Amino acid sequence: MTEHVVIVGGGTGGTVLANDLADRLEPELDAGDVRVTLVNDDPDHVYKPVWLYVPFGQREPDDGRRSLDDLVDDAIELKIDRMSDIDTESQRLQFRGSSPSVDYDYLVLATGSTLEPDRIPGLAEAGHDYYSESGATALRKELLEFTEGKLVLSVIGAPHMCPAAPLEFVFMADDWFRERGLREDVDITYTYPIQRVHGNPHIAEWAQPIMEDRGINVETFFNAESVDPKAETITSMEGTDLDYDLLVTIPPHAGIDLIEEAGLGDDGWVEVDKRTLEAEVAENVYALGDTADTGVPNAGSVAHYQAGVVGQRLASEIRERPATATYDGKTLCFIETGMDAASFVEFDYENPPSPAPPSEKLHWSKLAYNESYWLTARGLL
Amino acid sequence: MTDIEPDATVDARGAACPGPLMDLIGKIRSAESGDVIRLLSDNNQSLTDVPEWVEEAGNELLALDEHDDYNAFYVEKV
Ligand SMILES: Cc1cc2nc3c(=O)[nH]c(=O)nc-3n(C[C@H](O)[C@H](O)[C@H](O)COP(=O)(O)OP(=O)(O)OC[C@H]3O[C@@H](n4cnc5c(N)ncnc54)[C@H](O)[C@@H]3O)c2cc1C
């Protein structure tokens, strides 16, 4: 009997996993004992970290797109359609387009994060973001023309993709306006939902003095409740009003609705064992990347490491051996601290991060990583 | 041990900080004024984070039950 592995989501985690399985299960795929299908709702693979640079005019949205067909090994069956139903009892998936339903023996959910700006009244109309391709492109138009006034960066969603990216944005904006002699005319404010500037206390402790040094205003305990596009103010649940001329936010995030409808977890995040990445409430279902509720950051590096773990576990299960590979919480992240300097952190479930001193070398390492990402997606790095 | 009947419970046991506080804030966002939310957390940081935020946001911490391996916070949305 042929065993069918279906991976839903051809972003970082799903693509790395598909190529990992093409390599790891080569004999079984060649013999027809295993099939692997990768489902994605877009023919392109999208690499989101490029969007951070788009508003500053430093990258084009297309730099973050490549055809999945070019990235994924030929041994993988590629299906471009949007999954519209998950039935974990009968192990069957339905699709929105013309594709017939698909039965799986093993399902891997790698459907990432979705933005939900509509949860905050006024936000969709007035707020800009760099967390979507269209958002980054629209923000570029505003930012390139912005020469004076109040720039507010408000972190609303948590968890959100790449916890470092809001810090990176204000550090880059500060440096960018400074280099252009405009910093005195631009007031930068950063807001965060809890009492520190970042969820991780070690990173918060490192970032706070840099923000003070660079004259970036900070509003902590700020959970946006509404935005008034006419008055150009954003109001928090804690009762603070902030005026803005340009509002950039990290909008509320959620996983896809289907996950909640299938009873796999709240808000579209799959409840998993944080070491094995197996879904808690269904058999033969794994989740990885942003949609796996492990408590670690929603980051591409996490999705990449988790793909390796799920690949090993699936190969063990298919070969009827005990699956022993586990995820240890490993997270790796470069943090831009300006237009030509960056820091770096590495941590896991047991060991906290300790940000490296910012340097130009680390900035170039981040840019070099972004270029070599396409080798990672192909499973070569 | 309190006998308050919560309107909703958020079980954030196992979540690393700031997960429990963020989960509570998320629930309070969608709650009605007067609702009581019970937050279960086994993260020690919640013992300081949660009361600080509750006060900042003008809500009320009605009770805190300390269990062997977790704490239960009862927060009323004002
Ligand atoms: C501005 C920005 C900067 C970032 N910078 C970094 C960084 O420097 N370092 C880092 O590690 N991470 C960074 N990240 C985070 C990183 O991009 C994500 O964490 C990562 O992409 C998660 O991978 P994933 O596979 O879980 O999901 P994704 O890469 O988001 O892929 C999910 C895929 O599933 C598809 N999909 C969803 N629903 C369905 C459905 N129903 N049917 C079919 N297909 C579906 C989507 O179209 C998508 O292709 C950044 C993110 C942003 C927004």
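Topic: the overall build of chain A
Alright, step 1. If you tally the helices and strands in chain A, you get ten helices and 23 strands.
Alright, step 2. Against the globule reference of 21 Å for 381 residues, chain A gives a C-alpha radius of gyration of 21 Å, in line with a compact fold.
Alright, step 3. Overall, the C-alpha framework of chain A stretches about 70 × 40 × 35 Å when taken along its three principal axes.
Alright, step 4. Residue burial in chain A is summarised as follows: out of 381 residues, 56% are buried.
Alright, step 5. A sequence separation of at least 24 residues applies to 64% of the contacts in chain A between residues at least 6 apart.
Alright, step 6. For chain A, the computed accessible surface area is about 15800 Å², with 43% contributed by carbon and sulfur atoms.
Alright, step 7. Here chain A holds 29 positive side-chain charges and 72 negative ones, and the gap between their average locations is 3 Å.

A look at the environment of A:L139
Residue and element names in this part refer to chain A.
Alright, step 1. For L139, the position within the fold is in helix α5 (residues 133-145).
Alright, step 2. Since its relative accessible area comes to 0%, L139 is described here as buried.
Alright, step 3. The residues contacting L139, other than those within four sequence positions of it, are P55, H128, D129, Y130, F169, L246 and V248.

Brief notes about the sheet that holds strand β7 (residues 92-95) of chain A
Alright, step 1. In space, the three strands of this open sheet follow the order β6-β7-β8 (chain A), with antiparallel pairing throughout. The sheet is open, and its two borders are formed by β6 (83-87) and β8 (102-103) of chain A, each paired with just one other strand.

What about the state of the cysteines?
Alright, step 1. Inspection of the entire model under this criterion finds zero disulfides over all chains.
Alright, step 2. With no disulfide of its own, A:C162 lies 4.7 Å from the sulfur of A:C333, the closest cysteine sulfur.

Looking at the domain arrangement of chain A
Residues and elements named next belong to chain A.
Alright, step 1. By domain assignment, chain A separates into domain 1 (3-113 + 255-318) and domain 2 (116-253).
Alright, step 2. Of note, the centres of domain 1 and domain 2, computed from C-alpha atoms alone, are 31 Å apart.
Alright, step 3. Listed per partner, the contact involves 18 residues of domain 1 and 23 residues of domain 2.
Alright, step 4. The contact between domain 1 and domain 2 buries some 1800 Å² in all, and 66% of this surface belongs to carbon and sulfur atoms.
Alright, step 5. A per-residue breakdown of the area domain 1 buries against domain 2 is headed by W51, P55 and F56, which together make up 38% of the total.
Alright, step 6. Summed over the shared surface of domain 1 and domain 2, the result is three salt bridges.
Alright, step 7. Between R65 and E133 there is a salt bridge; the shortest N-O distance is 2.8 Å.
Alright, step 8. In this assembly, domain 1 and domain 2 are joined by four residue pairs in polar contact (both at pLDDT 80 or more).
Alright, step 9. When grouped by side-chain class, the residues that make up the side of domain 1 that touches domain 2 number nine nonpolar, three polar and six charged.

Focus: the packing of aromatic side chains
Alright, step 1. Taken as a whole, this structure holds 13 aromatic pairs over all chains when the rule is applied.
Alright, step 2. Their ring planes at 90° and their centres at 6.4 Å tell us that A:F171 and A:W206 sit as a pair that is edge-to-face. With A:F171 in helix α6 (residues 165-179) and A:W206 in helix α7 (residues 201-213), this residue pair connects regions lying 35 residues apart in the sequence.
Alright, step 3. Taking 5.7 Å as the distance between ring centres and 80° as the angle between the ring planes, the aromatic pair formed by A:Y327 and A:Y349 counts as edge-to-face. Here A:Y327, found in the loop between α9 (300-318) and β22 (331-336), pairs with A:Y349, found in the loop between β23 (342-347) and α10 (360-377); they are 22 residues apart in sequence, far enough to count as distant.
Alright, step 4. By relative accessible area, A:Y327 is classed as buried at 2%.
Alright, step 5. It is A:R59 that lies over the ring of A:Y53; its NZ or CZ is 5.9 Å from the centre.
Alright, step 6. A cation over an aromatic ring shows up here: B:R13 above the ring of B:Y70, its NZ or CZ 4.4 Å from the ring centre.

A look at the site of the ligand
Residue and element names in this part refer to chain A.
Alright, step 1. Near the ligand there are 30 residues, and of these G13, N40, D41, K48 and D290 occur at the shortest range.
Alright, step 2. Here an oxygen atom of the ligand sits 2.8 Å away from a polar atom, N or O, in the main chain of G13.
Alright, step 3. The backbone of N298 places a nitrogen or oxygen atom 3.2 Å from an oxygen atom of the ligand.
Alright, step 4. The dominant element in the shell around the ligand, judged by the number of residues it contributes, is α9, at three residues.

Remarks on the interface of chain B and chain A
Alright, step 1. The interface is formed by 14 residues belonging to chain B together with 16 residues belonging to chain A.
Alright, step 2. Carbon and sulfur atoms make up 60% of the area that chain B and chain A hide from each other, which totals about 1300 Å².
Alright, step 3. Of all residues in chain B, B:M22, B:R29 and B:E56 bury the most surface against chain A, accounting for 40% of the area lost on that side.
Alright, step 4. On inspection of chain B and its partner chain A, the count reaches zero salt bridges.
Alright, step 5. Elements with a minimum of two residues in the side of chain B that touches chain A: α1 (19-30) and α2 (46-56) of chain B.

Overview of the packing of α5(A) against α6(A)
Alright, step 1. In contact at an axis separation of 12 Å, α5(A) and α6(A) are set at 35° when each is read in the N-to-C sense. Across the interface between the two elements, A:L139, A:L143 and A:L144 of α5(A) pack against A:F169, A:W176 and A:F177 of α6(A).

Quick notes on the pattern of salt bridges
When the charged atoms of two side chains with opposite charge come close together, those side chains can pair.
Residues and elements named next belong to chain A.
Alright, step 1. Within the structure shown, the criterion is met by 19 salt bridges over all chains.
Alright, step 2. With a shortest N-O distance of 3.3 Å, R65 and D42 are connected by a salt bridge. In this pair, R65 sits in strand β4 (residues 65-67) while D42 sits in the loop between β2 (34-40) and β3 (44-46), placing the two residues 23 residues apart along the sequence.
Alright, step 3. Salt bridges sharing common partners tie together D42, D44, R65 and E133.

With respect to the pairing of β22(A)
Residues and elements named next belong to chain A.
Alright, step 1. For β22, the buried fraction is high: five of the six residues fall into the buried class.
Alright, step 2. Looking at chain direction, β22 and β23 are connected through six bridges and run antiparallel. Its bridge partner lying in β23, C333 is registered against V345.
Alright, step 3. Hairpin connection from β22 to β23: five residues lie between these consecutive antiparallel strands.

The rules behind the values
- Residues numbered from 1 in each chain as written.
- Chains lettered and ligands numbered in written order.
- Predicted model: local features only at pLDDT ≥ 70, side-chain atom pairs only at ≥ 80, totals over all residues.
- Heavy atoms only, no water.
- Helix = DSSP H or I, 4+ residues; strand = E, 2+ residues; numbered from the N terminus.
- Rg over C-alpha atoms; globule rule 2.2 N^0.38 Å.
- Buried < 20%, exposed > 50% of the residue type's maximum accessible area, 1.4 Å probe, protein only.
- Contact = heavy atoms within 4.5 Å.
- Areas by Shrake-Rupley, 256 points an atom, 1.4 Å probe, with all protein chains shown as cover.
- Lys, Arg positive; Asp, Glu negative; His and termini not counted.
- Charge placed at Lys NZ, Arg CZ, Asp CG, Glu CD.
- Pairing = 2+ DSSP bridges.
- Disulfide = S-S within 2.5 Å.
- Domains from an automatic or database assignment.
- Buried area = accessible area lost by both parts, 1.4 Å probe.
- Salt bridge = Lys/Arg side-chain N within 4 Å of Asp/Glu carboxyl O.
- Polar contact = N/O pair within 3.5 Å; in protein donor to acceptor, adjacent residues only side chain to side chain.
- Nonpolar A, V, L, I, M, F, W, Y, C, P; charged D, E, K, R; others polar.
- Phe/Tyr/Trp six-rings, centres within 6.5 Å; stacked < 30°, edge-to-face > 60°.
- Lys NZ or Arg CZ within 6 Å of the ring centre and 35° of its normal.
- Near = heavy atom within 4 Å.
- Axes fitted to C-alpha atoms, helices over the stretch in contact; angles between N-to-C directions.

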